[in-house]
Amino acid sequence: MAHSARRDSPELPDFSLLKRLVRDQLIYLLEQLPGKKDLFIDSDLMSPLDRIANVSTLKQHEVDKLYKVEYKPIISISDQLCFLIRPRIQTVKWICDVVNADKAAEKYRRYKIIFTPQKFYACEAVLEEQGIFGDVTTDEWAFYLLPLDDDVISLELPEFFRDNFLAGDQRWVRTAGSALHLLHSLFGPFSKIFGIGRCSKMTYESWREQVEEGEQKARQAEIGNVFLIDRDVDYVTPLCSQVVYEGLVDDIFRIKCGCVEFGPDVTSSDRSIKVMLNSQDKVFNEIRNEHFSNVFGFLSQKARNLQTAYDKRRGMDIQQMKTFVSEELKGLKQEHRLLSLHISASESIMKKKTKQDFQELLKTEHCLLEGFEIRECISFIEEHINRQVSMIESLRLMCLLSVTENGLLPKDFRSLKAQYLQSYGAEHLLTFSNLRQLGLLVEQQPGETLTVMESKVGKLVNDRTAGKLTDAFSSLAKKSNFRALSRKLNLVPKSDEEYDLRIPRDMAYIFSGAYIPLSCKLIEQVLERDGWTGLEEVTRLINGHEFAVTGGGGADLKLKSDAQRIILVMFLGGCTFSEISALRFLGKERGYTFIVVTTAITNSSRLLEALLDNRV
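None of the values given here were measured: they were computed from a predicted structure.

Enquirer: For this particular structure, what's the right way to read the overall build of the protein chain?
Expert: A count of helices and strands for the protein chain gives 27 helices and 14 strands. For the protein chain, with 616 residues in total, the buried portion stands at 55%. Intrachain contacts of the protein chain at a sequence separation of at least 6 include 78% that bridge at least 24 residues. Summed over all atoms, the accessible surface of the protein chain reaches about 28,500 Å², with 50% contributed by carbon and sulfur.

Structure (structure tokens):
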């Protein structure tokens, strides 16, 4: 619903400062090892590093050769080796092997390990155990935040989700707290901090400690309010198929660090091309948050406008032509190149989705979200598994069924699990254990009376009828928290009226009008109420850990009203492009500007791949 009295959203702070700070720190660390050196980089740091300091910058500071960490003997002949790594024990052990191999060959070199974003005691303990603690120097590169776009900042820590929510390893909480502290020291002080989830509470406490330890300067704030949210508060949203353009590009081509690689099927040549996807790409910026059904119409209109701009040169005199070539032509050519790329990408998406019978898949998802025709949905999932359409997709649909229904009936759970293991291999038993631990794929615990009734019914009637009766009885079992939340927050709009996707009326447009993301709805409600008052029932259903505090640390409550309308939302455990689109829409509607900070960009595939344990 559009607000007639809506205000323009305030301007975003300039986050390029974050890049400059980490680049300067990296150069300082490299210069501490004077002379020519070879640099070994962790594979998942390659893309983020490229956004901060390109190869020529590194070469200027005497980096001779660059290597990717590959866990095998090295071929470098340099006298100085520098390792830029994440604080992982496996990588540190490999470095120990490299140093010990050099010792055995009586080769003398200098070694420097730069841990990013911080070093952990466990890594130093490994160096000590392996007897090389005195042979290497260690440092920290405080590379906490990478701006992916004007309003999206990532910690680029995809392992945060599995480590924290599955393994219960809280080592990254301090990192998230430090990232928040960095934003607070540069763009704060924050006036209010809201949050929900156990990890959010710990991150807030870590940030609070760091604020109290440091010095507090009175300063004009650029960011007013902060909202912290755990990924496990809302699993439904990342499990749904994305249908906004940016989300679809991520699902199909995988956007990595704000950059996508389009293959030969898109480029219409024999080579792939890497494209930066951000607000600098004028074509992409206008379609990124659009529902996919509107994209072709927009692109064809854009093509017509471009043609009109080209046609202007007809009938120009020499002076006008000179001005046109020097001022406009370059921009038009660039726009033309991007336009043809996005048209080809859209066609490629259409082909792939038509092949996958995407409409049928979306219909099943919408039924699951609304709680209708669950039997038909289970049949669809079974067919999906038995045809071996996609290992991850089958798992995603089973998890969506479980989360929306608050667990599967024992009979359905056993049947789907058996079919999945037969289709994709028994090694996935560990994956099922991980999913159960997170509550993503669980068996309902029906009441004793229900089981007795079901068993009697089973004896009396054939299996098909029993299935229908079991469905009816399941409503007597434990009520689904998702269903209750959906009703309380009106997450599933009424389907009796037509939803016009060209003129979205609420955040549900990002899922074709079928579902408003729970995470974004919570943010909307809390900002509306200026706290959790009136949402007690909702937080009880989510298993809370909610908090709302007035920011200390030199927070000036007489903030300029613009900063009050700039909201920093921090997703711990990952955030999808669909959620970012929904928050951008909410910002436009309510006159807010949202800045999304996330531990990593996620989607259904990344979320589930992090939980796979099929290596036997």
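Enquirer: Could you clarify how one ought to interpret the packing of aromatic side chains in this entry?
Expert: Per the stated rule, a full pass over the model turns up 25 aromatic pairs. Ring geometry for Phe 40 against Phe 83: centres 5.2 Å apart, planes inclined by 25 degrees, an arrangement best described as stacked. Taken together, the residues span a long stretch of sequence, with Phe 40 in strand β1 (residues 37–41) and Phe 83 in strand β3 (residues 80–85) at a distance of 43 residues. Looking at Phe 40, the relative accessible area reads 3%, which means it is buried. Ring geometry for Tyr 245 versus Phe 292: centroids 6.5 Å apart, planes at 0 degrees, classification stacked.

Enquirer: Can you walk me through the sheet that holds β1 in this structure?
Expert: Strand pairing within a sheet occurs via backbone hydrogen bonds; the two strands may be parallel or antiparallel. With respect to topology, five strands assemble into an open sheet ordered β2-β1-β3-β4-β5, the strand pairing being parallel. The open sheet has two edge strands with one neighbour each: β2 (63–68) and β5 (136–140). Averaged over all pairs of adjacent strands, the angle between their axes in this sheet comes to 20 degrees, without regard to strand direction. In terms of strand pairing, strand β4 (residues 110–115) meets β5 through five bridges, oriented parallel. Bridge assignment links Phe 115 to a residue of β5, and that residue is Glu 140. Lying on the sheet, helix α1 (residues 16–31) is in contact with β1, β2, β3, β4 and β5; it crosses β5 at an angle near 170 degrees.

Enquirer: Help me out: how do you make sense of the sheet that holds strand β9 (residues 225–230) in this one?
Expert: With mixed pairing, the seven strands of this open sheet are ordered in space as β6-β7-β14-β13-β9-β8-β12. Each edge of the open sheet carries a strand with a single partner, namely β6 (146–149) and β12 (547–550). Direction aside, the axes of adjacent strands within the sheet are offset by 20 degrees on average. The sheet contact formed by β6 and strand β7 (residues 152–154) spans three bridges and is antiparallel. Residue pairing across strands places Asp 149 opposite Val 152, the latter belonging to β7. Taken strand by strand, helix α8 (residues 198–213) contacts β8 (192–196), β9, β12 and β13 (566–572), and its axis lies near 135 degrees from that of β9. Those strands touched by helix α26 (residues 577–590) are β6, β7, β13 and β14 (593–598), and its axis lies near 160 degrees from that of β14.

Reading the values: rules and limits
Residues numbered from 1 in each chain as written. Predicted model: local features only at pLDDT ≥ 70, side-chain atom pairs only at ≥ 80, totals over all residues. Heavy atoms only, no water. Helix = DSSP H or I, 4+ residues; strand = E, 2+ residues; numbered from the N terminus. Buried < 20%, exposed > 50% of the residue type's maximum accessible area, 1.4 Å probe, protein only. Contact = heavy atoms within 4.5 Å. Areas by Shrake-Rupley, 256 points an atom, 1.4 Å probe, with all protein chains shown as cover. Phe/Tyr/Trp six-rings, centres within 6.5 Å; stacked < 30°, edge-to-face > 60°. Pairing = 2+ DSSP bridges. Axes fitted to C-alpha atoms, helices over the stretch in contact; angles between N-to-C directions.

So yeah, pure geometry; function would need other evidence.
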